[in-house]
Amino acid sequence: AVFYNKVYDTIKNSVMQDLKINFCPNNGLFRGEESFLDWREQTYPIWMEPVNIGDSFALNVNVLYYKAFKILEIMSKKLEITGEADIWNKYSTNLKESIVNNFWIENRDYFGAYIIDGAYPYIYDGYETLGESLAITSGLVSEEKSYLVLNAVAPSDYGAPVVAPQLTGISPYHNDAIWPFVQAYRGLAAKKAGDIKTLEFEFAATVR
């Protein structure tokens with residue numbers, strides 16, 4: 001119980017701090033660089049400076065915050081902390097709506113990778129495989145839409161690339177590359193979506 005309370009307090013303090021620092025009330029999203037895609041030249045336009053990247057909104061980052069709110073809701077119920085479960089439920093519900101409203105690209109059937117902020121905010125409509133997979137496993141989209149997301153971009157013979165499309169003139173790393181741990185999350189997403197064909201393919205690709 002002591003450890004469980006410590007974990008709860010740690011997650012709670014982290015998200016409350018980020019709500020003060022990284023949260024944008026205008027669009028209901030959290031700012032921040034794309035999760036593990038930290039070699040900036042591989043996934044962001046060359047002109048973007050660190051401040052531009054820090055001010056942007058990434059799909060995978062916001063999905064992780066959504067998941068953190070859901071975990072806090074579950075933990076607060078188990079700890080029987082009066083009223084806090086409702087607070088976390090409200091945060092997660094609002095963030096889910098903001099993610100879908102801001103990142104979902106209707107004519108492509110998937111979420112855009114990130115939003116560049118500024119006078120005229122612009123969504124980069126590239127496909128970011130980990131973020132798409134986490135959105136599915138976290139329950140942000142229906143099973144039907146999950147299938148569309150998984151199959152919106154055709155994988156290579158060796159599995160789904162980390163990002164798509166590939167960038168010309170950029171050496172392989174995140175660009176033009178397949179990462180096994182990203183494939184694993186894509187496989188979990190396929191399982192949740194009931195997409196057996198994709199699950200079998202990604203499992204085989206990961207083993208290979």
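Quick note: structure is the one above.
Residues numbered from 1 in each chain as written. Predicted model: local features only at pLDDT ≥ 70, side-chain atom pairs only at ≥ 80, totals over all residues. Heavy atoms only, no water.

K.L.:
I'm lost on the overall build of the chain in this one. Help?
P.N.:
Counting its secondary structure elements, the chain contains nine helices and nine strands. C-alpha extents for the chain along the principal axes are approximately 50 × 40 × 30 Å. Relative to its 208 residues, the chain shows a buried fraction of 42%. Computing the positive centroid from 18 side-chain charges and the negative centroid from 26, the chain places the two 7 Å apart. (Helix = DSSP H or I, 4+ residues; strand = E, 2+ residues; numbered from the N terminus. Buried < 20%, exposed > 50% of the residue type's maximum accessible area, 1.4 Å probe, protein only. Lys, Arg positive; Asp, Glu negative; His and termini not counted. Charge placed at Lys NZ, Arg CZ, Asp CG, Glu CD.)

K.L.:
Whenever I open this one, the sheet that holds strand β6 (residues 114–116) confuses me. Can you help?
P.N.:
The strands making up a sheet are joined through hydrogen bonds of the backbone, oriented either antiparallel or parallel. Sheet architecture is open: three strands sit in the order β3-β6-β7, paired in antiparallel fashion. Edge positions in the sheet fall to β3 (57–58) and β7 (122–124), since each has one partner strand and no second. Bridge count for β3 against β6 is two bridges, and the pairing is antiparallel. Bridge assignment links Ala-58 to a residue of β6, and that residue is Tyr-114. Where helix α5 (residues 84–103) meets the sheet, its contacts fall on β3, β6 and β7, and the angle it forms with β6 comes to roughly 70°. (Pairing = 2+ DSSP bridges. Contact = heavy atoms within 4.5 Å. Axes fitted to C-alpha atoms, helices over the stretch in contact; angles between N-to-C directions.)

K.L.:
Whenever I open this one, the pattern of salt bridges confuses me. Can you help?
P.N.:
Opposite charge on two side chains permits them to pair, given that their charged atoms come into close proximity. Considering all chains together, one arrives at seven salt bridges under this definition. Note that Glu-84 is salt-bridged to Lys-12, the shortest N-O span being 2.9 Å. Taken together, the residues Glu-84 in helix α5 and Lys-12 in helix α1 (residues 2–21) connect sequence positions 72 residues apart. Taking relative accessible area as the criterion, Lys-12 reaches 23% and is therefore assigned partly exposed. Across the pair Arg-108 and Asp-125 runs a salt bridge whose closest N-O atoms are separated by 3.2 Å. With a gap of 17 residues between them, Arg-108 in the loop between β4 (104–105) and β5 (110–111) and Asp-125 in the loop between β7 and β8 (127–128) connect regions that are remote in the sequence. Through salt bridges with shared partners, a single network forms among Lys-70, Glu-73 and Lys-77. (Salt bridge = Lys/Arg side-chain N within 4 Å of Asp/Glu carboxyl O.)

K.L.:
Any chance you could explain the nonpolar core here in plain terms?
P.N.:
Nonpolar side chains tend toward joint burial in soluble globular proteins. Counting 44 residues, the largest nonpolar core has Leu-29, Phe-69, Leu-95, Ile-99, Phe-103 and Phe-111 as its most contacted members. The leading source of residues in this core is helix α4 (residues 59–78), at nine residues. If we skip the residues at most four places from it in the chain, Phe-69 touches Val-15, Leu-19, Phe-30, Trp-88, Tyr-91, Ser-92 and Leu-95. In terms of nonpolar packing, the next biggest core, distinct from the first, is built from six residues, Met-48, Ile-53, Ala-113 and Tyr-114 among them. (Core = buried A, V, L, I, M, F, W, Y, C linked by side-chain atoms within 4.5 Å.)

K.L.:
How should I be thinking about the environment of Ala-152 in this particular structure?
P.N.:
When you line up the elements, Ala-152 lands in the loop between α7 (143–150) and β9 (163–164). With residues up to four places along the chain from it excluded, the contact list for Ala-152 reads Arg-108, Asp-109, Tyr-110 and Tyr-127.

K.L.:
Looking at this structure, how should I read the side chain of Glu-128?
P.N.:
Tracing the backbone through its elements, the reader meets Glu-128 in strand β8. Buried charge without a salt bridge: Glu-128, with Arg-186 as the nearest opposite-charge side chain at an N-O distance of 11 Å. At a separation of 2.8 Å, a polar atom in the side chain of Glu-128 contacts the side chain of Asn-60. One polar contact links the side chain of Glu-128 to the main-chain amide nitrogen of Leu-130, over a distance of 3.0 Å. (Polar contact = N/O pair within 3.5 Å; in protein donor to acceptor, adjacent residues only side chain to side chain.)

Just geometry here; none of it tells us what the structure is for.
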